Amino acid sequence: MNQPLKHHYLPVFYLEKWARADGRVCRYYRPPGRPDGKTVTSWKSPEYTGYEEQLYTLHGAPDPQMVETDFFSPADNDAAPILDHLIAHGPAGLGNDARGHWTRFIMSLQLRSPQSLAEVQTVVDGIVRENILRGDAEYQLTRQPDDPETIYDLAIQQAPEQLANAHKAFLPGLIDHEIVGQLIINMRWAVMDLSAGKHTLLTADRPYTTSHGFGDPACLLAVPLSPTHLFVAGNDINQLRRLAAQKAGDTVRNANNLVARLAVQSVYGSTDSHLAFIEKRLRHAGQPAVPGVITY
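Structure report, in brief. (Residues numbered from 1 in each chain as written. Predicted model: local features only at pLDDT ≥ 70, side-chain atom pairs only at ≥ 80, totals over all residues. Heavy atoms only, no water.)

**Here's the deal with the packing of aromatic side chains**
So, point 1. Summed over all chains, the structure comprises eight aromatic pairs.
So, point 2. Look at Y56 and F72: their rings are 4.5 Å apart centre to centre, the planes differ by 35°, and that puts the pair in the tilted class. Linking Y56 in the loop between β4 (51-53) and α2 (66-89) with F72 in helix α2, this pair joins segments that are 16 residues apart in sequence. Accessibility assignment for this pair places Y56 and F72 in one class, buried.
So, point 3. Between W189 and F231, the ring centres sit 5.3 Å apart and the planes meet at 80°, which makes this aromatic pair edge-to-face. (Phe/Tyr/Trp six-rings, centres within 6.5 Å; stacked < 30°, edge-to-face > 60°. Helix = DSSP H or I, 4+ residues; strand = E, 2+ residues; numbered from the N terminus. Buried < 20%, exposed > 50% of the residue type's maximum accessible area, 1.4 Å probe, protein only.)

If you want it as structure tokens, here you go:
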């Protein structure tokens, strides 16, 4: 059986919602090395964009693709019909299992991109190093002159691939964070039909946007579902009502502004009419990306 080496941080079923009749979506990006640094467009099949080769591969593990095959693939399969339901009917009729599956999916959008995964690596590597070094005092008692200087150095020498893969192995647990997941499940959910707006919604390599911590009454999170539908969740029903009362065009512009500014490399649309808008907002090479991993 062929191992899945093309790991989509933007699942095909999700990006397909922005596809035109020929099955392609419009990718907006700044080509590396382009002298003027301008944003350009390219029409791509969802299968051939929004991925990185072996992004979640556990190199050296008995089952190197287990994060992709045992976690992301089932999570995406569970979420695909829920996406269709949300676009067609909104959150009405979703049971607890479906709300759990959708929560897992939107949490994965926050953490599975290359940029966010690198942020996870920084955090996890620090935790692993700290935990290993707790045994350093005992190690120093028996350490020989030719032995590695610290017990952490010894661990790197003995299990380099396991330590290098630690953040990938931690990823499913972070996405399935029980407390955070329950906070999202318990939020008020809504889907806004914004087809009355002049422009369409964009998505990007990091399409998940949020404000405040999940337990904050002012928290509002959003994920574009299609060029005309926006998923929103919040703790305050009045906040959602105020959002619903806005003109569709204002909501589209605000959502697109956040998506374009949070994007690391790529913004996606159903048309190529957003070029000037994205040019003003998409980060340039060398500029730091806005952190994508939220502190809960």
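**Some points on the environment of P160**
So, point 1. Mapped onto the fold, P160 is located in helix α7 (residues 160-164).
So, point 2. Distance from P160 to A196, taken between C-alpha atoms, is 54 Å for residues 36 residues apart in sequence.

**Focus: the sheet that holds strand β9 (residues 229-234)**
So, point 1. Spatially, four strands are ordered β5-β9-β8-β7 in an open sheet, and the strand pairing comes out antiparallel. Two strands close off the open sheet at either side, each with one partner strand: β5 (188-193) and β7 (209-211). Each adjacent strand pair in this sheet contributes to an overall mean axis angle of 15°, direction not counted.
So, point 2. Sheet topology places β7 next to strand β8 (residues 220-224); three bridges connect them, and they run antiparallel. By the bridge assignment, T210 is partnered in β8 with L221. (Pairing = 2+ DSSP bridges. Axes fitted to C-alpha atoms, helices over the stretch in contact; angles between N-to-C directions.)

**With respect to the side chain of T57**
So, point 1. Mapped onto the fold, T57 is located in the loop between β4 and α2.
So, point 2. Dropping the residues within four chain positions of it, T57 is found in contact with H7, P64, Q65, N165 and K168. (Contact = heavy atoms within 4.5 Å.)

**Observations regarding the nonpolar core**
So, point 1. Counting 47 residues, the largest nonpolar core has W102, I106, I184, Y208, F214, L221 and F231 as its most contacted members.
So, point 2. Counting residues per element, the ones that place at least two in this core are α1 (12-15), α2, α3 (96-111), α4 (114-133), α8 (166-175), α9 (178-185), β8 and β9.
So, point 3. Among all residues touching F231, those that are not within four sequence positions of it are L86, W102, I106, W189, A190, V191, L221, A222, V223 and L225. (Core = buried A, V, L, I, M, F, W, Y, C linked by side-chain atoms within 4.5 Å.)

**Quick word on the pattern of salt bridges**
So, point 1. Enumeration over the complete set of coordinates arrives at nine salt bridges.
So, point 2. A salt bridge links R112 to D76, with the shortest nitrogen-to-oxygen separation between them at 3.0 Å. In this pair, R112 is assigned in the loop between α3 and α4 and D76 in helix α2, connecting sequence segments 36 residues apart.
So, point 3. Overall, D76 belongs to the buried group, its relative accessible area being 12%.
So, point 4. Between E119 and R206 there is a salt bridge whose closest N-O contact spans 3.7 Å. Note that E119 is positioned in helix α4 and R206 in the loop between β6 (203-204) and β7, a separation of 87 residues in sequence. No difference in accessibility class separates E119 from R206, as the two residues are buried.
So, point 5. In the salt-bridge network here, residues are joined through shared partners; they are R20, D22 and R24. (Salt bridge = Lys/Arg side-chain N within 4 Å of Asp/Glu carboxyl O.)

**Examining the layout of surface pockets**
So, point 1. Counted as a void, the largest pocket has a volume near 270 Å³.
So, point 2. Surrounding the largest pocket, 18 residues form its lining, L220, A222, L243, A255 and L258 being those nearest its centre.
So, point 3. Listed by contribution, the elements that provide at least two residues to the lining of the largest pocket are β7, β8, β9 and α11 (248-262).
So, point 4. Looking at the lining of the largest pocket, its residues break down into twelve nonpolar, six polar and no charged. (1 Å grid on protein atoms, 1.4 Å probe; cavity = no way out; pocket = protein on both sides within 12 Å on 5 of 7 lines; lining within 4 Å. Points joined across faces, edges and corners; volume = space filled by probe spheres on them. Nonpolar A, V, L, I, M, F, W, Y, C, P; charged D, E, K, R; others polar.)

**Overview of α8**
So, point 1. Residues A166, H167, K168, L171, P172 and I175 constitute the buried set of α8.
So, point 2. The elements touched by buried residues of α8 are α2, α3, α4 and α7.

**Regarding the environment of A190**
So, point 1. Inspection of the secondary structure puts A190 in strand β5.
So, point 2. On the accessibility criterion, A190 (23% relative accessible area) is partly exposed.
So, point 3. Sequence separation between A190 and P160 is 30 residues, and the spatial gap between their C-alpha atoms is 46 Å.
So, point 4. Those residues within four positions of A190 in sequence are excluded, and the remaining contacts are P91, L230, F231 and V232.

**Considering the packing of α4 against α8**
So, point 1. Running from amino to carboxyl end, α4 crosses α8 at an angle of 105°, the nearest separation of the two axes being 9 Å. Classed by the angle they form, the pair α4 and α8 counts as roughly perpendicular. The residues of α8 that touch α4, namely those facing L117, V120, Q121, V124 and V128, are A166, H167, F170, L171 and L174.
So, point 2. Considered class by class, the residues forming the contact of α4 with α8 number eight nonpolar, two polar and no charged. (Parallel < 35°, antiparallel > 145°, perpendicular 65-115°, else oblique.)

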